[in-house]
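Okay, here's what each chain looks like letter by letter:
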Amino acid sequence: MDKLLIEGGHRLQGEARMSGAKNAALPILCAALLSREPLTLTNVPQLNDIGTMLKLLSQMGVAVQQDGSTVTLDASGLNNPVAPYEMVKTMRASILVLGPLVARCGEARVSLPGGCAIGARPVDQHIKGLASMGADVSVEHGYVVARTTRLRGARLFTDMVTVTGTENLMMAATLAEGETVIENAAREPEIVDLANCLVSMGARISGAGSDVIRIQGVDRLHGATHRIMPDRIETGTYLCAAAATGGEIRLTGTSAAYLDAVVDKLMDAGCDIRTEKSPSFEAIVLRAPERLKAVSIRTSPYPAFPTDMQAQFMAINTVADGTAVIRETIFENRFMHAVELARLGADIRIDGNTAVVQGVAQLDGATVMATDLRASAGLIIAGLVANGETLIERIYHLDRGYEHIEQKLTALGATVRRVS
Ligand code: UD1
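Now for a look at the structure at hand. The model shown is predicted, which means the values in this text are computed figures rather than measured ones.

## Focus: the overall build of the chain
Across its full length, the chain holds 14 helices and 24 strands. A globule of 420 residues ought to have a C-alpha radius of gyration of about 22 Å, and the chain, at 21 Å, matches this closely. Across its three principal axes, the chain shows a C-alpha extent of roughly 65 × 45 × 40 Å. Classification of the 420 residues of the chain by burial places 58% in the buried group. Taking as baseline every contact in the chain between residues at least 6 positions apart, the subset at least 24 positions apart corresponds to 73%. Averaging the coordinates of the 40 positive side-chain charges in the chain and doing the same for the 46 negative ones gives two points 2 Å apart.

The structure is reproduced here in C-alpha cells:
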C-alpha cells in the first residue's frame with residue numbers, strides 16, 4: 001500500500017494549477033444518465049473517485065470515452081439500472097445515480113452506502129424526496145429499490161441541508177411531470193454547476209444557489225458540453241499548505257468566488273491574499289506571515305465554513321500563535337486526524353464536536369495514518385511544517401480527491417515522495 005514521505009520545513013513557493021472539482025464532477029457525470037444523447041465534460045479531474053464513477057456508469061450500459069480531462073458519456077444504451085454494493089461501499093457518492101435512474105428508466109436498484117469513517121451518513125432524505133415524487137421506494141436486502149411510471153413534480157422539504165440529496169432530487173425532477181420545488185436546498189457552488197449543466201441539456205431550473213430550487217419537468221434532455229468548475233476544496237488545501245509553511249503561492253485555474261469563508265479565516269490568521277482577475281482568467285495569490293495567528297472555525301453548510309476544510313485548518317492551528325476552537329457541526333465523527341496530529345506533537349483536546357487546539361512552536365515528524373480524504377490533507381500540511389520526516393500511511397484516501405498532489409507540491413518546493 002502506498003505511503004507518502006514528506007520532509008518538512010520547506011516553504012511553499014511558486015505557482016500551481018488547480019483541477020476541476022471532484023464534488024461537481026461526480027453528480028454531473030451522473031447527469032449523463034438523464035439523456036439518450038452524449039454529454040461531453042471538460043476539466044474533469046483524474047481521480048480514483050472519478051474512475052469509480054465511470055466504471056459504475058459503464059457497468060450500467062453507458063459508453064464512456066476519456067481523453068485526459070475530457071470525458072464523453074453516451075447513455076443511449078443504458079440497460080442495467082443497478083449500483084452494486086461493491087462499488088457503492090468504496091464511494092458514497094454512487095448514490096447520485098439513484099435520482100437520474102428512476103427519472104429516466106422508471107426503476108433503480110442502488111445499494112445503501114452504509115456508514116463511513118466520518119459518520120453514519122444516511123440517505124433517508126434522498127428516499128423521502130423520491131417517494132414524495134410518486135416513486136414506490138423500498139429497502140430490500142441492503143438496496144434502495146425504486147419504481148415508477150413517471151415521477152410527478154412535488155413540493156419537497158429536506159429535514160437538513162444535504163448536498164448530494166439536493167443534487168439527486170434536482171436531477172430526478174428534471175424529467176418529472178410538472179413542477180418540483182426543493183425547499184431547504186443546499187446552496188453549494190457545486191449545485192449551481194450541476195444546475196448549469198442540466199440547463200444546457202434542456203432542463204428548466206431556477207433558484208440553484210439559493211435554498212429554494214424550482215424545476216419544471218421536461219419530456220427529455222438533450223446532449224451538451226460542459227466545463228467542470230474549479231475545485232474550491234483543493235484550492236483551499238493548497239492555500240492552507242502555503243500559509244502553514246510561511247510560503248507565497250499563486251494558484252491558477254481556480255476562483256476565489258466560492259472561498260469567502262476560507263479566505264476570510266486565512267486573512268484573520270495573518271495571510272495577505274489577493275486575486276488577479278480578467279474576463280477569462282483568475283488567480284489567487286497568498287503571502288503568509290512567518291507565524292500564523294490561531295483562528296477558530298465552525299463548520300456549516302455553504303456559504304459558511306466548509307467541513308471539507310476543517311482538517312486542514314486544524315493542521316494550520318497546531319503551529320499557530322494562540323488557541324483555536326474548532327466546532328464540527330456537519331459530521332459526528334470528523335476529528336480522527338486529531339490523534340494523528342498529536343503524534344506529531346500537536347496539542348489538541350477533543351470534547352464532543354469541539355476541538356481546542358493550542359498552538360505549539362514546532363511539530364516533529366512521525367509515522368501517521370490517514371483516515372479519510374480531508375484528514376489526509378490535514379496530515380500533509382502538518383508534515384510539511386514538521387521537523388524531519390513524516391510518513392503518511394493509507395494515502396489511497398488522498399488519491400480519491402487530490403489530482404497529482406505530489407507533482408503539484410514538488411513544483412511548489414516541497415520534498416514529497418510516494419513510497420510503497
Ligand atoms: C457532500 C460532499 C462532502 C461534504 C458534504 C458536506 C459530495 C460528493 N460530497 O457529502 O464532500 O463533506 O457534502 O458538505 O458532494 N444526512 C442525513 N440524511 C440524508 C442526507 C444527509 O441525515 O439523507 C446528513 C449527513 O449524515 C450529514 C449531513 O446530513 O450529517 C450533511 O450531509 P450531506 O450534505 O448529505 O453530505 P454528502 O452530500 O454526503
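## Details of the nonpolar core
One recurring pattern in soluble globular proteins is that nonpolar side chains are buried together. Within the largest apolar cluster, 76 residues are counted, with the highest numbers of intra-cluster contacts made by Val97, Met170 and Leu198. Among the elements that line this core, the one with the most residues is helix α1 (residues 22-31), at seven residues. Residues within four places of leucine 198 in sequence aside, it is in contact with Ala31, Leu34, Met170, Met171, Thr174, Ala203, Ile205 and Leu221. Core analysis: the next-biggest nonpolar cluster, separate from the first, contains 70 residues, Ala16, Met18, Tyr238 and Ile297 among them.

## Structural notes on the site of the ligand
Near the ligand, the surroundings consist of 18 residues, among which Asp124, Thr162, Thr164, Asp308 and Ile330 are the closest. Asparagine 23 places a polar side-chain atom, nitrogen or oxygen, 3.0 Å from an oxygen atom of the ligand. Burial of the ligand by the protein chains amounts to 87% of its free accessible area of 740 Å². Taken together, the elements giving at least two residues each to the shell around the ligand come down to α5 (124-132) and α6 (163-174).

## Structural notes on the sheet that holds strand β8 (residues 136-140)
Strand pairing in a sheet relies on backbone hydrogen bonds, with the paired strands running either antiparallel or parallel. Pairing within the open sheet is mixed, and its four strands lie in the order β6-β7-β9-β8. Edge positions in the open sheet fall to β6 (82-83) and β8, since each of these has one partner strand only. Where helix α4 (residues 98-105) meets the sheet, its contacts fall on β6, β7 (107-111) and β9 (143-147), and the angle it forms with β7 comes to roughly 160°.

## A short note on the packing of aromatic side chains
On inspection of all chains with the given rule, the structure shows one aromatic pair. Plain terms: the ring middles of phenylalanine 305 and phenylalanine 313 are 4.9 Å apart, the flat faces sit at 85° to each other, and that makes the pair edge-to-face. Both residues of the pair, phenylalanine 305 and phenylalanine 313, count as buried. Sitting over the ring of tyrosine 143, arginine 109 keeps its end group 4.4 Å from the ring centre.

## Topic: helix α11 (residues 336-343)
For α11, the full list of buried residues reads His337, Ala338, Glu340 and Leu341. Buried residues of α11, seen end-on, are gathered within an arc of 165° and therefore sit on one face of the element. In this fold, the buried residues of α11 make contact with α10 (310-318), β20 (347-351), β22 (367-369) and α12 (373-385). Looking one or two residues past α11, glycine 345 carries a phi angle of roughly 105°, positive in sign.

Conventions used here
- Residues numbered from 1 in each chain as written.
- Predicted model: local features only at pLDDT ≥ 70, side-chain atom pairs only at ≥ 80, totals over all residues.
- Heavy atoms only, no water.
- Helix = DSSP H or I, 4+ residues; strand = E, 2+ residues; numbered from the N terminus.
- Rg over C-alpha atoms; globule rule 2.2 N^0.38 Å.
- Buried < 20%, exposed > 50% of the residue type's maximum accessible area, 1.4 Å probe, protein only.
- Contact = heavy atoms within 4.5 Å.
- Lys, Arg positive; Asp, Glu negative; His and termini not counted.
- Charge placed at Lys NZ, Arg CZ, Asp CG, Glu CD.
- Core = buried A, V, L, I, M, F, W, Y, C linked by side-chain atoms within 4.5 Å.
- Near = heavy atom within 4 Å.
- Polar contact = N/O pair within 3.5 Å; in protein donor to acceptor, adjacent residues only side chain to side chain.
- Areas by Shrake-Rupley, 256 points an atom, 1.4 Å probe, with all protein chains shown as cover.
- Pairing = 2+ DSSP bridges.
- Axes fitted to C-alpha atoms, helices over the stretch in contact; angles between N-to-C directions.
- Phe/Tyr/Trp six-rings, centres within 6.5 Å; stacked < 30°, edge-to-face > 60°.
- Lys NZ or Arg CZ within 6 Å of the ring centre and 35° of its normal.
- Arc of directions from axis to C-beta.

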